[in-house]
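Okay, here's what each chain looks like letter by letter:
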Amino acid sequence: MTSRLTVQLLLALLAGSATAAAASPAQLISEFRLKNGEGRVTIDTTLNAIAMDQAKAMAAKDTLDHDVLGSFTSRIARANAGRAAENIAYGYDNFEKTLTQWIASSGHRKNLLLPKATRVGIASATSATTHRIYWAMEIAGDYEKRPAIASRPVKPVSRKPAASSCRLRILSVCF
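Everything in this summary refers to the structure shown in the same document. (Residues numbered from 1 in each chain as written. Predicted model: local features only at pLDDT ≥ 70, side-chain atom pairs only at ≥ 80, totals over all residues. Heavy atoms only, no water.)

**Things to note about unusual backbone geometry**
With phi around 50 degrees, Asp62 is a residue other than glycine that occupies positive phi space. Topologically, Asp62 is positioned in the loop between helix 3 (45-61) and helix 4 (72-76). (Helix = DSSP H or I, 4+ residues; strand = E, 2+ residues; numbered from the N terminus.)

Below, the structure is given as C-alpha cells:
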C-alpha cells in the first residue's frame, strides 16, 4: 500500500514538472505579470513575425542591437499597438533562462510589466558564425480609446474699437 502511494506521488510530481516544462513563453510571461499585478498576454502572430525578423537580423550580423533592422518605432508600426516594448538578449539556450535574465534587469523587467499589454511575440535565431542564440520579445497593448470630449460652443471674442485719441499702439497699449 505504501509503495503504491509512493508511485502515485512520484507520477503526480513527474506530471507536474512535465506541465511546467511545457509552459509556453506567453504562459511564463503571464505568470510573472499576474504575480506583479498586470494582466495576461497571448501570442500574437504579427508580434512573433517582428520578433523573428529582429532575432534573425541580430544573428545574421552577430550583434545585439535594437536598431539592427531600423528603429523600433518603424518596426512595431505594423502591430497596430498603442503601447509596445522590446527585449533582446543572446547567449541563453532556452527561453526560461532568457526570461530569468530579463526579470533580473530593471529595464527588461519594466518592459515585461508594460501596463495594459495583451499580446506578445517571441523568437530566437542562431548565429551561423558564433552559434550564439539571439532572442527578441515584442510586447504590446492595443490602442486605447480616448474619452470623447463634449463640444462646447465657442464664445466670439468681442473687440472694442480703438479710442480715437490713440496716436501709437504697442502690444495693445495705447499711447
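**Focus on the pattern of salt bridges**
This structure, assessed with the given rule, holds six salt bridges. We note a salt bridge from Glu38 to Arg33, for which the minimum N-O separation is 3.9 Å. Glu38 gets classed as partly exposed once you look at its relative accessible area, which sits at 23%. The closest approach of N and O atoms between Asp53 and Arg78, which form a salt bridge, is 2.9 Å. (Salt bridge = Lys/Arg side-chain N within 4 Å of Asp/Glu carboxyl O. Buried < 20%, exposed > 50% of the residue type's maximum accessible area, 1.4 Å probe, protein only.)

**Points about the sheet that holds strand 2 (residues 81-90)**
Strand order in the open sheet made by the four strands is 1-3-4-2, with mixed pairing throughout. This sheet does not close on itself; its edge strands, each paired only once, are strand 1 (42-43) and strand 2. Where strand 1 and strand 3 (residues 119-126) come together, two bridges link them in parallel fashion. Within the sheet, the bridge partner assigned to Thr42 lies in strand 3 and is Arg119. (Pairing = 2+ DSSP bridges.)

**Things to note about the nonpolar core**
Counting residues in hydrophobic clusters, the biggest one holds 20 residues, and the most contacted among them are Ile29, Phe95, Val120, Met137 and Ile139. Those elements giving two or more residues to this core turn out to be helix 2 (25-35), strand 2, helix 5 (95-104), strand 3 and strand 4 (133-142). Among the elements that make up this core, the one with the highest residue count is helix 2 (four residues). In this structure Met137 touches Ile29, Ala85, Glu86, Asn87, Trp102, Leu112, Val120, Gly121 and Ile122, once residues within four positions along its chain are discounted. (Core = buried A, V, L, I, M, F, W, Y, C linked by side-chain atoms within 4.5 Å. Contact = heavy atoms within 4.5 Å.)

**Comments concerning the packing of aromatic side chains**
Between two aromatic rings, the relevant description is the distance of the centres plus the angle of the planes. Scanning the model with the defined rule gives three aromatic pairs in all. Between Phe95 and Trp102, the ring centres sit 6.1 Å apart and the planes meet at 70 degrees, which makes this aromatic pair edge-to-face. Across this residue pair, the class does not change: Phe95 and Trp102 are buried. Grouping aromatic residues by their ring pairs yields a cluster made of Phe95, Trp102 and Trp135. (Phe/Tyr/Trp six-rings, centres within 6.5 Å; stacked < 30°, edge-to-face > 60°.)

**Quick notes on the environment of Ile139**
Within the element layout of this structure, Ile139 appears in strand 4. Taking relative accessible area as the criterion, Ile139 reaches 0% and is therefore assigned buried. When the C-alpha positions of Ile139 and Leu112 are compared, they lie 7.3 Å apart, and in sequence the two are 27 residues distant. When sequence neighbours within four positions are dropped, the list of residues in contact with Ile139 reads Arg33, Val41, Arg83, Ala84, Ala85, Asn111, Leu112, Leu114, Ala117, Arg119 and Val120.

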